[in-house]
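# Report on the structure
The lines below spell out each chain.
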Amino acid sequence: MRTDISSRARTHSRAAAGSLVVVAALAALTACSTSSGSGSGSDKAATSGSADSGKGGAGKVLHVVAAENFWGSVAQQLGGSHADVKSIISNPNADPHDYEPTAADGRTVASAQYTIVNGIGYDAWADKLLSANPGSGRTDLKVGDLVGLKPGGNPHRWYSPDDVHKVIEKITGDYKKLDPADAAYFDAQKKTYEEQTLAPYNKLVGDIKAKYAGTPIGASESIVTPLADGLGLKMLTPESFLDAISEGTDPTAKDKSAIDAQIKNKQIKVYVYNSQNSTPDVAAQVKAAKAAGMPVATVTETLTPAGASFQDWQVRQLTDIEKALALATGKQ
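Residues numbered from 1 in each chain as written. Predicted model: local features only at pLDDT ≥ 70, side-chain atom pairs only at ≥ 80, totals over all residues. Heavy atoms only, no water.

### Thoughts on the overall build of the chain
In terms of regular secondary structure, the chain is built from 13 helices and nine strands. The buried share of the chain, taken over its 332 residues, is 51%. In the chain, the share of contacts with a sequence separation of at least 24, taken over all contacts with a separation of at least 6, comes to 75%. Accessible surface computed for the chain: about 13,600 Å², of which carbon and sulfur atoms make up 54%. (Helix = DSSP H or I, 4+ residues; strand = E, 2+ residues; numbered from the N terminus. Buried < 20%, exposed > 50% of the residue type's maximum accessible area, 1.4 Å probe, protein only. Contact = heavy atoms within 4.5 Å. Areas by Shrake-Rupley, 256 points an atom, 1.4 Å probe, with all protein chains shown as cover.)

Take a look at the structure:
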């Protein structure tokens, strides 16, 4: 569980990941490169609320691998019956920062026609896995490159509504290049996904921004920042604290004191925390916020529960945030 990861353990784990990925990759290269990895889960189940928009012309099925299941869910729904998407990170208890790829992951990547990794320093293990398992004619999408962010920027782009739509556009375009015969099918899938499947998500984003823009909030880590930006909320938690918790390092006493004062003086209206990474410092802040009568909302880093679709997961979290903001501000 991520709640048990100390900063020292996380640092050690990341170092181990760099070496173990090479072992996994070498093992993968000796195996049959046409089989799908047994360690990767299909995203067929994570398509709640999305429908297949029609039959394609050629009957081709693209083999797609996503490093994380939040992008995998989107990719599967855009691909419909013409894509078979495997997500390497599919367990809610797995930490994407520290994942150690397996030989099965290497086989899965080696046979992929299209891959999606987050980038921006979030899943460096995936970059190593791709380079160790080159595929003939494979197309690779790195979300960080798409949105113009390099390592050191905020990597949690699946929490940015604008960036989610950029990824949708890019995946659809890449599918059409890989399978031109089914271009009309992919266009129909995209239209259905954006206008129907994501309608509740889009509505919540718009409603929250219209009603609560400028409302000051606090948060446990930087995963909340892109969402706050997308919703027009004002993040008051020091960025250095948000980054420290996200990266598994110790926050400064100055930052902790600043947040304690924000909660005590009710400078923030709502506190949002990542329940998959609740450190002692975060737990203390959640306790203090509740004691002060401040609404607390939660988010998670990956799809929760396992098998949930991207949109169902996000709508549930946005609904909770909207309720917290309504309670805090009195605006309905």
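### A closer look at the nonpolar core
Among soluble globular proteins, nonpolar side chains are generally buried collectively. Ranked by size, the top nonpolar core spans 54 residues in total, and within it Ile116, Trp158, Ile171, Tyr175 and Phe310 carry the most contacts. Here this core takes seven residues from helix 13 (residues 310-329), the largest share from any one element. Once residues within four sequence positions are removed from consideration, Ile171 is found in contact with Ala75, Leu78, Tyr114, Ile116 and Leu141. Counting 13 residues, the second largest nonpolar core, distinct from the first, contains Val65, Ile88, Ala94 and Leu130. (Core = buried A, V, L, I, M, F, W, Y, C linked by side-chain atoms within 4.5 Å.)

### Describing the packing of helix 6 (residues 161-178) against helix 8 (residues 199-212)
Remark: helix 6 packs on helix 8, axes separated minimally by 11 Å, with the N-to-C direction vectors making an angle of 150°. Classed by the angle they form, the pair helix 6 and helix 8 counts as roughly antiparallel. For the element pair helix 6 and helix 8, the recorded crossing hand is left-handed. Residues Pro161, Val164 and His165 of helix 6 form the contact with helix 8, whose participating residues are Tyr201, Asn202 and Val205. Of the residues contributing to the contact of helix 6 with helix 8, the split by class is four nonpolar, two polar and no charged. (Axes fitted to C-alpha atoms, helices over the stretch in contact; angles between N-to-C directions. Parallel < 35°, antiparallel > 145°, perpendicular 65-115°, else oblique. Left-handed = near helix turned anticlockwise from the far one by under 90°. Nonpolar A, V, L, I, M, F, W, Y, C, P; charged D, E, K, R; others polar.)

### Some thoughts on the sheet that holds strand 8 (residues 270-274)
For sheets, the rule is that strands pair by backbone hydrogen bonds, running either parallel or antiparallel. Pairing is parallel across the open sheet formed by four strands, whose spatial order is 7-6-8-9. Looking along the sheet, the strands with just one partner apiece sit at the ends: strand 7 (234-235) and strand 9 (296-299). Looking at chain direction, strand 8 and strand 9 are connected through four bridges and run parallel. Opposite Asn274, over in strand 9, you have Val299 as the bridge partner. Its contacts with the sheet place helix 13 against strand 6 (216-219), strand 8 and strand 9, and it is angled at close to 165° to strand 9. (Pairing = 2+ DSSP bridges.)

### Digging into helix 11 (residues 253-264)
Here helix 11 spans 16 Å end to end across twelve residues, near enough to the 16 Å set by a 1.5 Å rise per residue. Of the residues making up helix 11, those classed as buried are Asp255, Ile259, Gln262 and Ile263. End-on view of helix 11: buried residues confined to an arc of 95°, all on one side of the axis. Exposed residues pointing more than 90 degrees away from the buried face of helix 11 are listed as Ala253, Lys254 and Lys264. Next to the buried residues of helix 11 lie helix 10 (239-247) and helix 12 (280-291). Within two residues after helix 11, Lys266 carries a phi angle of roughly 55°, on the positive side. (Expected span 1.5 Å × (residues − 1). Arc of directions from axis to C-beta.)

### Description of the pairing of strand 4 (residues 114-117)
Along strand 4, one buried face is formed by Tyr114 and Ile116 and the opposite face, lined by Thr115 and Val117, is buried too. Relative to strand 4, strand 2 (residues 62-68) runs parallel, the two being bridged by three bridges. Bridging across to strand 4, Val64 finds its partner in Tyr114. Pairing geometry for strand 4 and strand 5 (residues 139-142), over four bridges, is parallel. Its bridge partner lying in strand 5, Val117 is registered against Lys142. The parallel pair strand 4 and strand 5, bridged by helix 4 (residues 124-132), forms a crossover whose chirality is right-handed. (Right-handed = clockwise from strand over helix to strand, strands pointing away.)

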